[in-house]
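# Geometric and topological summary
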Amino acid sequence: MEKLDSMYENTWNDLCTWERIKVEYPPHFHSYLELLTVTDGECEVTVDFVTYKMEPGDAVLVFPNVIHSYRSVVSPVKNLTFMLPPAYFPLFKDTFASYRPASPIIKGLYNNETVKEHMHMAIKENKSKTLFGPPTAAGHLAILLGTILPNLELVPSSKDISSEGRILAYCGEHFREPITLETLESDLHLSKFHISHLFNDRLNISFSRLLRTLRIDEACKLLKSGATVTTAAYSSGFGSLRNFNRAFAEDKGMTPSEYSLKHTKNREKA
């Protein structure tokens, strides 16, 4: 089976947990199990090209290497997000590798008080600096999986990599380079007209918009780590500072310099 690389951030090495007030990301996939619960607001999640509406209390469970995306409907979308390395849950390894949920949505999951407690304890323990914090968080999430999985209808997963998956993987690996539809056509041996069709009709995002999103996300990581605006711009794939500054301000509502200063202050407080 051909190796799958993440479209965007497969740089996590451990269990990741977040409490967020936004959920907005274009089509992507990664090697993690992803559990997201909406606590306030509404959003749409598209999993394997099927779109579902999520309301407060609903959760989505996305298996590894499945293409998915999010779009806010009623903002802010407060949510709890968990990125689970399959290796942390060896008893479920065969399930993750061989099956997919017929429907990834679990209606009202967060309304269960026991589930809610395990979710918040997992976030709390994963933030802990103690030796047993992250392992304890994994324990809470293992209990959650043991509660969720038996109640899902699972169907066998395909072992073949779709054209969409190949395109996303390629963009995730090469977005820092000056790639074009012609580049994809040459390297993936797919017609650029077919690629454009897949972007517009299957992935619901344009090629240029996807590249811009990936590059801005990369620039944000660099700025958070202390890189200069110039370094962040060119290292993330932008061809000029002018284009970078304009795109960044449109997406983030602030200039790269303002974003950098904000996170410099956060690092100093920490």
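Here we summarise the structure given alongside this text. This is a predicted model, so every value here is computed, not measured. (Residues numbered from 1 in each chain as written. Predicted model: local features only at pLDDT ≥ 70, side-chain atom pairs only at ≥ 80, totals over all residues. Heavy atoms only, no water.)

### Considering the overall build of the protein
Condition: Numbering goes from the N terminus for both helices and strands, where a helix is a DSSP run of H or I of at least four residues and a strand is a run of E of at least two. For the radius of gyration, the atoms used are the C-alpha atoms, and the globule rule reads 2.2 Å times the number of residues raised to 0.38. Residue exposure (1.4 Å probe, protein chains only): buried if accessible area is under 20% of the type maximum, exposed if over 50%, otherwise partly exposed. Contacts are assigned to residue pairs that have any heavy atoms within 4.5 Å of one another. Here the accessible surface of atoms and residues is derived via Shrake-Rupley with a 1.4 Å probe, and residues count as covered only by protein chains that are part of the display. Charge counting treats Lys and Arg as positive and Asp and Glu as negative, with His and both chain ends excluded. Where a charge lies is defined by one atom per residue type: Lys uses NZ, Arg uses CZ, Asp uses CG and Glu uses CD.
A tally of regular secondary structure across the protein gives 10 helices and nine strands. Its C-alpha radius of gyration of 19 Å places the protein within 12% of the 18 Å reference for a compact globule of 270 residues. If you line up the protein on its principal axes, its C-alpha atoms span 50 × 50 × 35 Å. For the protein, the residues scored as buried account for 47% of the 270 residues in total. Within the protein, contacts between residues separated by at least 24 positions form 70% of all contacts whose residues are at least 6 apart in sequence. Counting only carbon and sulfur atoms, one obtains 52% of the accessible surface of the protein, whose full area is about 13,800 Å². Charged side chains of the protein number 30 positive and 32 negative; the gap between the two group centres comes to 6 Å.

### Let's talk about the nonpolar core
Generally speaking, nonpolar side chains in soluble globular proteins are found buried as a group. As a reminder, the rule being used: Remark: nonpolar core denotes a set of buried residues (Ala, Val, Leu, Ile, Met, Phe, Trp, Tyr, Cys) joined through side-chain atoms within 4.5 Å.
Counting 41 residues, the largest nonpolar core has Val60, Leu61, Phe82, Met119 and Leu145 as the members making the most contacts within it. Among the secondary structure elements, those contributing two or more residues to this core are β3 (33–47), β4 (50–54), β5 (59–62), β6 (68–84), β8 (105–106), α2 (113–127) and α3 (133–148). In terms of residue count, β3 provides more of this core than any other element does, seven residues in total. Beyond its immediate stretch of four places on either side in the chain, Leu145 contacts Leu33, Leu61, Leu84, Phe89, Phe92, Phe96 and Pro150.

### Observations concerning the packing of aromatic side chains
Note the following rule: Working definition: rings of Phe, Tyr and Trp (its six-membered ring) pair if their centres are within 6.5 Å, and the pair is stacked with planes under 30 degrees apart, edge-to-face with planes over 60 apart, and tilted otherwise.
In the structure shown here, the tally under the stated rule is seven aromatic pairs. For the ring pair Phe63 and Phe96, a centre distance of 5.5 Å and an interplane angle of 90° mean the geometry is edge-to-face. Separated by 33 residues along the polypeptide, Phe63 in the loop between β5 and β6 and Phe96 in helix α1 (residues 93–98) bring together distant segments of the chain. When the ring of Phe92 is compared with that of Phe96, the centres are 6.1 Å apart and the planes differ by 40°; the resulting orientation is tilted. A relative accessible area of 4% means that Phe96 is categorised as buried.

### Focus on the state of the cysteines
When the sulfur atoms of two cysteines share a covalent bond, that bond is a disulfide. Operational definition: Two cysteine sulfur atoms make up a disulfide if the distance between them is within 2.5 Å.
A full pass over the atoms with the stated rule returns zero disulfides. The thiol of Cys220 is unpaired, and the distance to the nearest cysteine sulfur, on Cys16, comes to 17 Å. Note on Cys220: relative accessible area 5%, which makes it buried.

### A word on helix α4 (residues 163–174)
Short version of the rule: Every helix has an expected span of 1.5 Å times one less than the residues it contains.
Here α4 spans 16 Å end to end across 12 residues, near enough to the 16 Å set by a 1.5 Å rise per residue. α4 sits mainly inside the fold: nine of its 12 residues count as buried. Each element contacted by the buried residues of α4 is listed here: β2 (25–28), α5 (181–188), α6 (192–203) and α7 (207–224).

### Section: the pattern of salt bridges
To keep things clear, this is the line we draw: Salt bridges, as used here, are contacts in which a Lys or Arg side-chain nitrogen is within 4 Å of a carboxyl oxygen on Asp or Glu.
Per the counting criterion, the structure on display carries 12 salt bridges. For the salt bridge of Lys127 with Glu19, the shortest nitrogen-to-oxygen distance reads 3.8 Å. Here the residue Lys127 occupies a position in helix α2, and Glu19 occupies one in strand β1 (residues 16–20), the gap between them amounting to 108 residues. A relative accessible area of 53% places Lys127 in the exposed class. A salt bridge links Arg212 to Glu250; the shortest N-O distance between them is 2.8 Å.

### With respect to a positive patch on the surface
Rule in force here: For patch building, the residue pool is restricted to those with more than 30% relative accessible area and no salt bridge; the joining distance is 9 Å between like charges and 5 Å between nonpolar side chains (Val, Leu, Ile, Met, Phe, Trp, Tyr).
A contiguous patch of positive charge, built from Arg20, Lys22, Lys224, Lys252 and Lys262, is present on the exposed surface. Mapped onto the fold, Lys224 is located in helix α7. The exposure class assigned to Lys224 is partly exposed, which follows from its relative accessible area of 41%.

### Section: the packing of α5 against α6
The following threshold applies: Angular values range over 0 to 180 degrees, each being the angle between N-to-C directions of two axes fitted as lines to C-alpha atoms, with helices fitted over their stretch in contact. Oblique is the label for any angle not under 35 degrees, not over 145, and not in the 65 to 115 range, which are roughly parallel, roughly antiparallel and roughly perpendicular in turn. Whether a crossing is left-handed or right-handed is set by the direction in which the near helix is turned from the far one by less than a right angle, anticlockwise for left-handed and clockwise for right-handed. Lys, Arg, Asp and Glu make up the charged group, whereas Ala, Val, Leu, Ile, Met, Phe, Trp, Tyr, Cys and Pro make up the nonpolar group; the residues left over, Gly among them, are polar.
Viewed as axis vectors pointing N to C, α5 and α6 meet at an angle of 110°, and their least axial separation amounts to 9 Å. For the element pair α5 / α6, the angle class is roughly perpendicular. With respect to the hand of their crossing, α5 and α6 are arranged in right-handed fashion. The segment α5 lies against α6, with Leu181, Glu182, Leu184 and Glu185 engaging Lys192, Ile195 and Phe199. Of the residues belonging to the contact of α5 with α6, the class tally is four nonpolar, no polar and three charged.

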